[in-house]
Amino acid sequence: MFVPLTAEAVSPVDFFATESESSDENMIKMTTDLFFSQFQTIDGYSVNDRRKEHYSRDLPTGDGISFYAEIQESPDGQWMCTLNAIKNSGEKNVSSTKKYESYYKILLDAKPSIENLLTNLSGNLPLSSQENSVFENMDFPPSKPAAGGIDSIAGTWGGEKDVEKILILRGGKGFVIFKNGASMNIQVAVEGTAVTVTQTGRSNASFFPDIPRPVALKNAASAEPVRWSLSINSDGTLSGTKNTLLLKAGSTEEVFYGTVNVTWTKR
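What counts and how
Just so you know, the residues in each chain are numbered from 1, in the order the chain's sequence is written. Totals for whole chains, interfaces and linings use all residues, but because this is a predicted model, local features are given only for residues with pLDDT of at least 70 and pairs of side-chain atoms are given and counted only at 80 or more. As a rule here, side-chain values cover all heavy atoms of the structure and leave hydrogens and water aside. Helix numbering and strand numbering both begin at the N terminus, where a helix is a DSSP run of H or I of at least 4 residues and a strand a DSSP run of E of at least 2. Only protein chains enter the accessibility calculation, which uses a 1.4 Å probe; a residue whose area is less than 20% of its type maximum is buried, one above 50% is exposed, and one in between is partly exposed. By definition, residues are in contact when any of their heavy atoms lie within 4.5 Å. Salt bridge criterion: a side-chain nitrogen from Lys or Arg within 4 Å of a carboxyl oxygen from Asp or Glu. Axis definition: a line fit to C-alpha positions, over the contact stretch in the case of helices; interaxial angles, taken between N-to-C directions, run 0 to 180 degrees. Roughly parallel here means an angle under 35 degrees, roughly antiparallel means over 145, roughly perpendicular means 65 to 115, and every remaining angle is called oblique. Should the near helix be turned counterclockwise from the far one by less than a right angle, the crossing is left-handed, whereas a clockwise turn marks it as right-handed. Three classes are used, and their members are as follows: Ala, Val, Leu, Ile, Met, Phe, Trp, Tyr, Cys and Pro are nonpolar, Asp, Glu, Lys and Arg are charged, and the others, Gly among them, are polar. Any pair of N or O atoms that falls within 3.5 Å is considered a polar contact. Within protein, one atom must be able to donate a hydrogen and the other to accept it, and sequence-neighbouring residues count only if both atoms are side-chain atoms. Between any two strands, at least two bridges found by DSSP are needed for them to pair.

K.L.:
What exactly am I supposed to notice about the side chain of Gln38 here?
P.N.:
Tracing the backbone through its elements, the reader meets Gln38 in helix 1 (residues 25–40). Classification of Gln38 as buried rests on a relative accessible area of 8%. When near neighbours in sequence (up to four residues on either side) are disregarded, Gln38 contacts Ala110, Lys111, Ile114 and Ser183.

Structure (structure tokens):
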């Protein structure tokens, strides 16, 4: 079980570029950005963005942790993902390697994988555990064929002012990554030209950036899932409404569930 550090024990993390020989540079960048955003949501760690640099022991670092991922295609068509965490003091290095049947499984497993790695790094392991490798073979059931037109809209989208990007994965799952660093899991369904996107998992105050932070914190725990009702347009965009928690006009504290118009554009 992952136990976050206390506020008094915040540890700095240098987050480096992903190492990969894959020709799909966009997918590697998307995964790196997702790992980065998920790391930022873990309490007790202050993340320093060094995604443009490749990790080397010779690079100057602080007293905290260096982190980077390695992603490679397996000869059997699957994917190998290794997460590395190095204590810059030199007392311990840990790595965790997992095998995934499809790329989007790496994305779905991002946060728990990071948390498990940090647990191993902070655990009472002997100093002789240097370069320790924890190998976990992930056995996932075969993926079902994507229903409807999910494949046609899979990819990276943008369009909402407080959202950095929306990732729609083949199979109907995905993520909304906010500019404030929060990441929301979503489920996507397509029927004809109608697209329904629904938040899955618990609500977070950061999902409502238009609402004053104290009010969002007060209401997030009981908030209904955010839901989008969109249509596929002839120009390739997705447009429609987003049902979410909104601040009442003229008020600084009262909220209600309402709809706003949105348009997503594929990147």
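K.L.:
What should I look at first to understand the pattern of salt bridges in this one?
P.N.:
Summed over the entire model, instances satisfying the criterion amount to 11 salt bridges. Close ionic contact of Glu53 with Arg50 constitutes a salt bridge, the shortest N to O distance being 2.9 Å. For Arg50, a relative accessible area of 10% corresponds to the buried category. Taking the shortest distance from any N to any O, the salt bridge between Lys161 and Asp210 comes out at 2.8 Å. In this pair, Lys161 is assigned in the loop between strand 7 (155–158) and strand 8 (163–168) and Asp210 in the loop between strand 11 (194–200) and helix 5 (213–220), connecting sequence segments 49 residues apart. Given the relative accessible area of 57%, Lys161 is considered exposed. In this structure, a network of salt bridges that share partners links the residues Lys29, Asp33, Asp49, Arg51 and Lys165.

K.L.:
I keep staring at the packing of helix 1 against helix 3 (residues 110–122) and nothing clicks. Help me out?
P.N.:
Where helix 1 meets helix 3, the closest approach of the two axes is 9 Å, and the angle between their N-to-C directions is 60 degrees. In terms of axis orientation, helix 1 runs oblique to helix 3. Taken as a pair, helix 1 and helix 3 cross one another with a handedness that is right-handed. Packed against helix 1, whose contacting residues are Leu34, Phe35, Gln38 and Phe39, the element helix 3 presents Ala110, Lys111, Ile114 and Leu118 at the interface. Taken together, the residues of the contact of helix 1 with helix 3 break down into 6 nonpolar, 1 polar and 1 charged.

K.L.:
Explanation requested: the environment of Lys165 in the structure shown.
P.N.:
Among the secondary structure elements, Lys165 is positioned in strand 8. Relative accessible area serves as the criterion here: at 10%, Lys165 is assigned to the buried category. Residues Lys165 and Arg267, spaced 102 residues apart in sequence, show a C-alpha to C-alpha distance of 9.1 Å. Within the structure, the side chain of Lys165 is placed 3.0 Å from the side chain of Asp33, a separation counted as a polar contact.

K.L.:
Any chance you could explain the sheet that holds strand 7 here in plain terms?
P.N.:
As a general point, the strands of a sheet are linked pairwise by backbone hydrogen bonds and lie either parallel or antiparallel. With antiparallel pairing, the 8 strands of this closed barrel are ordered in space as 7-8-9-10-11-12-13-14. With strand direction ignored, the average angle separating the axes of adjacent strands in the sheet is 30 degrees. Bridge count for strand 7 against strand 14 (residues 255–266) is 2 bridges, and the pairing is antiparallel. Within the sheet, the bridge partner assigned to Trp157 lies in strand 14 and is Lys266.

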